[in-house]
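# An overview of the molecular structure
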Amino acid sequence: MDPYAIIVKPHVTEKTMNLIDQNNELTFVVLRTSEKSDIKKACEELYDVKVERVNTQINSKGTKLAYIKLSSEDKAEDIAVKMGVF
């Protein structure tokens, strides 16, 4: 599956900004039918990083969020700057 179809957009809130700084995690809105393994492959392919784990959540609006923890050698802040979050 196309990685651009799986990862829809970055999810930016005050909480997710704290996750970038404190936990080295990025948060994305993802396709509702995507699985954790698909999200991991898509993120690794798009941003050329090593993903440690993926947690997903469906919020009250019905969108699926993916919390992606990066390995210690990759910095979530650098990826966020490239995406234009900061």
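Scroll up to find the structure this text is about.
Here we summarise the structure given alongside this text.

Definitions and limits used
Residues numbered from 1 in each chain as written. Predicted model: local features only at pLDDT ≥ 70, side-chain atom pairs only at ≥ 80, totals over all residues. Heavy atoms only, no water. Helix = DSSP H or I, 4+ residues; strand = E, 2+ residues; numbered from the N terminus. Buried < 20%, exposed > 50% of the residue type's maximum accessible area, 1.4 Å probe, protein only. Lys, Arg positive; Asp, Glu negative; His and termini not counted. Salt bridge = Lys/Arg side-chain N within 4 Å of Asp/Glu carboxyl O. Pairing = 2+ DSSP bridges. Axes fitted to C-alpha atoms, helices over the stretch in contact; angles between N-to-C directions. Contact = heavy atoms within 4.5 Å.

With that settled, the discussion passes to the side chain of Asp 74. Tracing the chain through its elements places Asp 74 in the loop between β4 (64–70) and α4 (76–83). Within the buried set, Asp 74 has no salt-bridge partner at all; the shortest N-O distance to an opposite charge, 8.2 Å, is to Lys 50.

Moving on, we come to the sheet that holds strand β1 (residues 7–10). Strand order in the open sheet formed by 4 strands is β1-β2-β4-β3, with antiparallel pairing between adjacent strands. Bordering the open sheet on either side are β1 and β3 (51–58), each of which pairs with just one other strand. If you compare each strand with its neighbour and ignore which way they point, the axes differ by 35° on average. Pairing geometry for strand β2 (residues 25–30) and β4, over 6 bridges, is antiparallel. Note that in β4 the partner of Thr 27 across the bridge is Tyr 67. Across the sheet, α4 touches β1, β2 and β4, and the angle it forms with β2 is around 45°.

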